[in-house]
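The chain contents come next:
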2 protein chains.
Amino acid sequence: MFESLKLAHEIGEAEYEAEEPLLRGRLIDAQFDLLEAGDFPVIVLLSGMDVLGRSAAARQLQSWMDPRHIRPYAAVRPSEEERDRPRLWRFWRALPAKGRIGIFLNAWYDGPMRDYFLDRIDHGQFGARIDEIRRFEQLLAQEGALFLKAFFFLPKKRSIKGIKKLKKEGAAAWKLSEEEAELGKAFAKRYDHAVEILEELVSATSTAYAPWIPLASADPHYRDLTLGRTLADAICERLAGAAPKVPKSGTSTTISRAGPNLLDSLDLSKALTREDYKPRLKEAQRRLTALTLSRRFEDRALVAVFEGNDAAGKGGGIRRVVQALDPRMTRVIPIAAPSDEEQAQPYLWRFWRRIPPRGHVTLFDRSWYGRVLVERVEGFAAEDDWMRAYDEIRSFEAELADDGIVVVKFWLAIDKKEQLRRFKAREAIGYKRHKITEEDWRNRRKWRAYKQAVHDMVDRTSTAAAPWTLVEANDKYFARVKVLKTLADRLEAEL
Amino acid sequence: MFESLKLAHEIGEAEYEAEEPLLRGRLIDAQFDLLEAGDFPVIVLLSGMDVLGRSAAARQLQSWMDPRHIRPYAAVRPSEEERDRPRLWRFWRALPAKGRIGIFLNAWYDGPMRDYFLDRIDHGQFGARIDEIRRFEQLLAQEGALFLKAFFFLPKKRSIKGIKKLKKEGAAAWKLSEEEAELGKAFAKRYDHAVEILEELVSATSTAYAPWIPLASADPHYRDLTLGRTLADAICERLAGAAPKVPKSGTSTTISRAGPNLLDSLDLSKALTREDYKPRLKEAQRRLTALTLSRRFEDRALVAVFEGNDAAGKGGGIRRVVQALDPRMTRVIPIAAPSDEEQAQPYLWRFWRRIPPRGHVTLFDRSWYGRVLVERVEGFAAEDDWMRAYDEIRSFEAELADDGIVVVKFWLAIDKKEQLRRFKAREAIGYKRHKITEEDWRNRRKWRAYKQAVHDMVDRTSTAAAPWTLVEANDKYFARVKVLKTLADRLEAEL
């Protein structure tokens, strides 16, 4: 691979001296325009066998541009809080906001490369990790991110020398962990094998929207100028209105309105008497408490999603769950309008940042499903966007499950008559927080559209890893017991 | 202390059954109004010797109110990221936003209590920790926080039994760490000593704005109803317009315009030739690199603040510093308008969240001093607010220094003539990011006012722990070398 790179690529001192100041000007202007436009982030990812070279280049980019709007991120060992979360969490949290540039050293490519090289995962698992990366970059590209992935190439001899050098001064000069130095040694020993893996990784992740750019890094002048020019060009081109290279939307299937609606299959007349309710709720709560306090839960976590018609009783259900949990390991996240920090990120970012650490529980009152419910029905999201959301959500939840997080999703369903009754009742008395707003009435008028959206949502996002539970909620007692029992059953089965 | 508590406080089943639903309604309404008004946070802090009782009460409050707007925080062992930061960092990051309620179990009282009881700190240090707490709560109160600090009292026998019980089921039931269980044992053994310490802690931190409320917790009904009523009353009272109990502003001294201005003492003609500049900069950068990569720096950190006149060359200085640092341990934080998440918190919150972990460097381009500069001059902050900021900033920086963080602060000074020259030059050519805005001209017209503000700022916030360095910046070469040299010298002296 990259045969052409084995040819000499050099830039003389004179040319460099002449070029460098001009390039710097272009870069800073590009950076400023990017910030001013503020409508997409730039992700610079430096990888390849020239470890010293890619760090040096990162430094050079930083000192050329305005460091205040660059966010350097290197795959140093994850912190405890990061190790306690799914693999990609630490990269989500390091993403640059719109208008800013993030520089990543190997980052999400580090893990798969290392794990496969050290035989911690087999080739099948390696493939799965590659797919994870593809989905991640696809999502970011779809949200508008501009990618510049440079593959630093060095001839074998030079590159082995570099790694050795790394082991010597390197460790001090770049604060490499013992582990990293060890890995370097291993790479040098089985160099060709390492390159094979790297090449498979690179060719499998070179896409139209996030292509790998081979970069001959033997000559620092050539390396840095080429990288800088490529970055400046890419940013200017996009700002000049070049259409972003967006991957084809994952789902192309069109939503069919034919066939029965899942919600019609529910028997909303199911009910419990107060006498049956009390003991059953207590029992389910007791089980939930025991399960979440069990040693087995300590390296797992629970994410519960509460969606449902307005006035279906989400709040009441959540309260019954919270009663059974240790407040110190429980967070309830009400999803309202995104903050401006959240608006500057991909739409899943605000949910990623709330993912619980091991041994904890997070309850979402409304969730990432807003994308395919209210945003779809109200037209806040373009059809392509909410269409691809089905795929993105499936992989999001798969990543959580993959990390041992138990994902439980509830749709609390009431019928139109019952909703009217509750709206009226609330308008009469009831806690202020239950006030019925004009919006509630507006949503009610769109009952049919929401019903279709719910049907499609459940249809497309009910997976083995994260199944939907439809809750007959005309009767609050029945609904609450079903919610608690479902949580307990799922945990029991999973732990 | 709290003799009255030794009397029986009980509420019968019947009264409880009658009261409970009414109280719940009041609490939820209060909570909703609080959220709607959204202009102050509520901090509920539960402490005292009744460890089981205070957890149970926290749960009860949670299940009475809407858990979506409550943030429970218990002093469980700090995470790695928290241990890597100053003591109060973890509490700052757990603060409820305006309109929300935070429930804290012992929280910032835990450390001092434990450390003094276990003889890790002497009485003098214990006093210092108490002052730290007082300053912390004073700042929050000044920012409008409503405090409810309840001291859970149990008679000796019952309370020792409780702690023993804690050790038995407790450990399982409440996920107590071994350490906490051990501590409980120790408390039970030297109970009277523990109570003495607790009483000293409580009486020293009972202030008009954050008083301790003694609460007899032997009877759960009495305990929970009383706590709930007190909370509902406090919130309603404040919402009904009762003036918040605000501590007297720390600084009452008025700013004197008499006497010479510190800035006049600078010799702005200081300069370097390009020939002298290059080698000196390189040398200072080399020193800085070596120091920040040294083993000694690994459990320290560096915070550098860059303030100065517009066009004084902050950006250029910062770039020269960044060139000398490993990108992986460096963050540059440009301070612009606060995000809405930041606006919902005390003004220092947005800086606390940026404090570097051990072994890292954070450079602030503008900083918390905006409070006493632009906010003072433009009248964005009331006089009381920017006046007390001097004290708050001193203790903020003291807490950083106390944790081993080296704090370096630069004021880059140019004279009015030089500024005009640079403005003109930039208007002619120069990078877009340097565009001169109408605001720049406006600030320039307020030159005198800013000069006074800078004088007062340096005068009041230059401490041994965090001294100001005034940089003669009419000549960029001289300024950059002074900045780099100062950083290297400070680190050398501190490490």
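Keep in mind the model is a prediction, meaning the values are calculated, not measured.

Parameters at a glance
Here the residue numbering is sequential within each chain, running from 1 through the sequence in written order. Lettering of chains starts at A and numbering of ligands starts at 1, both following the order in which they are written. For a predicted model such as this one, the threshold for reporting local features is a pLDDT of at least 70, and the threshold for listing and counting side-chain atom pairs is 80 or more; totals across whole chains, interfaces and linings nevertheless cover every residue. Neither water nor hydrogens contribute to the side-chain values; these are computed over all heavy atoms in the structure. Numbering goes from the N terminus for both helices and strands, where a helix is a DSSP run of H or I of at least four residues and a strand is a run of E of at least two. Note on classification: 1.4 Å probe, protein chains only; a residue is buried when its accessible area is under 20% of the maximum for its type, exposed when over 50%, partly exposed between these limits. Here, two residues are considered to be in contact whenever any of their heavy atoms come within 4.5 Å of each other. Shrake-Rupley sampling with a 1.4 Å probe provides the accessible areas, and residues are treated as covered by the protein chains on show and by no other component. Here the positive residues are Lys and Arg and the negative ones are Asp and Glu; neither His nor the chain ends is included. A single reference atom marks each charge: NZ on Lys, CZ on Arg, CG on Asp, CD on Glu. Should DSSP find at least two bridges between two strands, the strands are taken to pair. Convention adopted: a line fitted to C-alpha atoms gives each axis, helices being fitted over their contacting stretch, and angles between N-to-C directions are expressed from 0 to 180 degrees. A quick way to say it: buried area is the sum, across both parts, of accessible area lost when two parts are put together, with a 1.4 Å probe. By definition, a salt bridge exists where a carboxyl oxygen of Asp or Glu is found within 4 Å of a side-chain nitrogen of Lys or Arg. Here a polar contact means two N or O atoms within 3.5 Å. Within protein one must be a hydrogen donor candidate and the other an acceptor candidate, and residues neighboring in sequence count only if both atoms are side-chain atoms. Residues are grouped as follows: Ala, Val, Leu, Ile, Met, Phe, Trp, Tyr, Cys and Pro are nonpolar; Asp, Glu, Lys and Arg are charged; every other residue, Gly included, is polar. By convention, a stacked pair of Phe, Tyr or Trp rings (six-membered ring in the case of Trp) has centres within 6.5 Å and planes under 30 degrees apart, an edge-to-face pair has planes over 60 apart, and any other such pair is tilted. As used in this record, nonpolar core signifies buried Ala, Val, Leu, Ile, Met, Phe, Trp, Tyr and Cys residues forming a set joined through side-chain atoms within 4.5 Å. In this entry, domain limits derive from an automatic or database-based domain assignment. The copies are overlaid by a least-squares fit using only the C-alpha atoms of residues whose pLDDT is at least 70 in both copies. Angles are sorted into four bins: roughly parallel if under 35 degrees, roughly antiparallel if over 145, roughly perpendicular if 65 to 115, and oblique for all others. What makes a crossing left-handed is the near helix being turned counterclockwise from the far one by less than a right angle; a clockwise turn instead makes it right-handed. A helix is expected to reach a length of 1.5 Å times the quantity of its residues less one.

(A) View of the overall build of chain A. In terms of regular secondary structure, chain A is built from 20 helices and 10 strands. By residue count, 58% of the 495 residues in chain A fall in the buried class. A fraction of 83% describes how many contacts in chain A between residues 6 or more apart in sequence connect residues 24 or more apart. With an accessible surface of roughly 20,700 Å², chain A has 53% of that area assigned to carbon and sulfur atoms. Of the side chains in chain A, 85 bear a positive and 76 a negative charge, and the two mean positions are spaced by 6 Å.

(B) Molecular detail of the pairing of strand β9 (residues 405-413) of chain A. All names here are of chain A. Among the nine residues of β9, nine are classified as buried, and the element is accordingly described as predominantly covered. Pairing of strand β6 (residues 301-308) with β9 involves eight bridges; the strand directions are parallel. From the neighbouring strand, L302 faces β9, where its bridge partner is V406. Where β9 and strand β10 (residues 468-472) come together, five bridges link them in parallel fashion. In the sheet register, A413 faces β10, and the bridge partner there is E472.

(C) Here's a closer look at the sheet that holds strand β7 (residues 330-334) of chain A. Residues and elements named next belong to chain A. With respect to topology, five strands assemble into an open sheet ordered β7-β8-β6-β9-β10, the strand pairing being parallel. Every other strand in the sheet has two partners, leaving β7 and β10 as the edge strands with one partner each. Each adjacent strand pair in this sheet contributes to an overall mean axis angle of 20 degrees, direction not counted. Relative to strand β8 (residues 361-365), β6 runs parallel, the two being bridged by five bridges.

(D) A look at the interface of chain A and chain B. In this complex, chain A contributes 61 residues to the contact, which on the side of chain B involves 62 residues. Roughly 5,600 Å² of surface becomes buried between chain A and chain B when both sides are summed, with 51% attributable to carbon and sulfur atoms. At the boundary of chain A and chain B, one finds six salt bridges. The tally of links between chain A and chain B comes to 14 residue pairs in polar contact (both at pLDDT 80 or more). With seven residues, helix α1 (residues 13-37) of chain A is the single largest residue contributor to the side of chain A that touches chain B. Class assignment of the residues belonging to the side of chain A that touches chain B gives a composition of 23 nonpolar, 10 polar and 28 charged.

(E) Broad picture of the packing of aromatic side chains. Tallied over the full model, the rule gives 40 aromatic pairs over all chains. When the ring of F364(B) is compared with that of W368(B), the centres are 5.0 Å apart and the planes differ by 75 degrees; the resulting orientation is edge-to-face. Owing to a relative accessible area of 0%, F364(B) belongs among the buried residues under this scheme. Each residue in the set F91(A), W92(A), F104(A), W108(A), F136(A), F351(A), W352(A), F364(A), W368(A), Y369(A), F396(A) and W468(A) is aromatic and connected to the rest through ring pairs, giving one cluster.

(F) Structural context of the nonpolar core. In this structure, W108(B) and W368(B) are the most contacted members of the largest nonpolar core, which totals 84 residues. In this structure, this core is formed jointly by two domains, domain 1 (3-239) and domain 2 (262-494) of chain B, each of which donates at least three residues. If near-sequence neighbours (up to four positions away) are discounted, W108(B) is found in contact with I43(B), L45(B), L88(B), F91(B), I133(B), F136(B), E137(B) and F147(B). Residues M49(A), Y73(A), W386(A) and Y450(A) belong to the second largest nonpolar core, which totals 83 residues.

(G) Fine view of the domain arrangement of chain A. Residue and element names in this part refer to chain A. Domain annotation for chain A reports domain 1 (3-239) and domain 2 (262-494). Taken over C-alpha atoms, the centre of domain 1 sits 39 Å from the centre of domain 2. With 19 residues of domain 1 at the contact, the number on the domain 2 side is 22 residues. Interface area, domain 1 with domain 2, both sides summed: about 1,800 Å², of which 55% is carbon and sulfur.

(H) Region of the structure containing unusual backbone geometry. All names here are of chain B. The backbone of N106 sits at a positive phi, close to 65 degrees, despite the residue not being glycine. Not every positive phi belongs to a glycine, and A311 is a case in point at roughly 65 degrees. Mapped onto the elements of the fold, A311 is located in the loop between β6 (301-308) and α12 (314-323). The class for A311 is buried, based on a relative accessible area of 9%.

(I) Molecular detail of the relation of the copies chain A and chain B. Note on the copies: chain A fits chain B at an RMSD of 0.0 Å, the axial shift is 0.0 Å, and the rotation between them is 180 degrees. What the superposition gives is, in effect, a two-fold axis relating one chain to the other. Judged by C-alpha distance, E80(A) is the residue of chain A that lies nearest the rotation axis, at 2.9 Å. Counting the interface residues of chain A, we find that 100% of their copies in chain B are interface residues as well, pointing to one common contact surface.

(J) Geometry of the packing of helix α1 (residues 13-37) of chain B against helix α10 (residues 220-239) of chain B. All names here are of chain B. Put simply, α1 and α10 touch, their axes get as near as 9 Å, and they point 30 degrees apart. Relative to α10, the element α1 lies roughly parallel. Both α1 and α10 take part in a crossing whose hand is left-handed. Contacts between α1 and α10 pair E13, E15, Y16, E19, E20, L23, R26, L27, A30, D33, L34 and A37 from the former with H221, L225, G228, R229, L231, A232, D233, I235, C236 and L239 from the latter.

(K) Structural detail: the packing of helix α6 (residues 123-142) of chain A against helix α16 (residues 383-402) of chain A. Residue and element names in this part refer to chain A. Interhelical geometry of α6 versus α16 gives an angle of 140 degrees and a closest axis separation of 11 Å. By the criterion of interaxial angle, the relationship of α6 to α16 is oblique. In this structure, α6 meets α16 at a crossing whose hand is left-handed. Contacts between α6 and α16 involve E132, R135, L139 and Q142 from the former and R388, E392, S395, E399 and D402 from the latter.

(L) Fine view of the environment of I213(A). Residues and elements named next belong to chain A. Counting through the fold element by element, I213 comes out in strand β5 (residues 212-216). For I213, a relative accessible area of 30% corresponds to the partly exposed category. As for I213 and E10, which are separated by 203 residues in sequence, their C-alpha atoms are 17 Å apart. Once you skip the residues sitting within four places of it in the chain, I213 turns out to touch L148, K149, A150, F151 and T230.

(M) Highlighting the environment of Q142(A). Residue placement: Q142(A) occurs in helix α6. Along the backbone, Q142(A) and R388(A) are 246 residues apart, and their C-alpha atoms lie at a distance of 9.1 Å.

(N) View of the pattern of salt bridges. Applying the stated criterion to the full structure yields 84 salt bridges over all chains. K451(B) is the salt-bridge partner of D264(B), the closest N and O atoms lying 2.6 Å from each other. Placement of D264(B) in the loop between α10 and α11 (274-293) and of K451(B) in helix α19 (residues 447-461) is noted, with a sequence separation of 187 residues between them. Classification of K451(B) by relative accessible area gives partly exposed; the value is 26%. Several salt bridges share partner residues, and in doing so they unite E81(A), E82(B), R90(B) and R93(B) into one network.

(O) Highlighting the sheet that holds strand β9 (residues 405-413) of chain B. Residues and elements named next belong to chain B. Strand order in the open sheet formed by five strands is β7-β8-β6-β9-β10, and the pairing between neighbours is parallel. In the strand order of this sheet, the two ends are held by β7 (330-334) and β10 (468-472), each with one partner. Looking at each pair of strands side by side, their axes are set apart by 20 degrees on average, direction ignored.

(P) Quick look at α19(B). Residues and elements named next belong to chain B. Between its first and last C-alpha atoms α19 spans 21 Å; for 15 residues at 1.5 Å apiece the expected length is 21 Å, and the two agree. Taken across its 15 residues, α19 has 11 buried, putting it largely inside the fold. Along α19, the residues that are buried comprise W447, Y450, Q452, A453, V454, H455, D456, M457, V458, R460 and T461. Contacts made by the buried residues of α19 are with α15 (374-377), α16 (383-402), β9, α17 (416-428), α18 (438-445) and β10.

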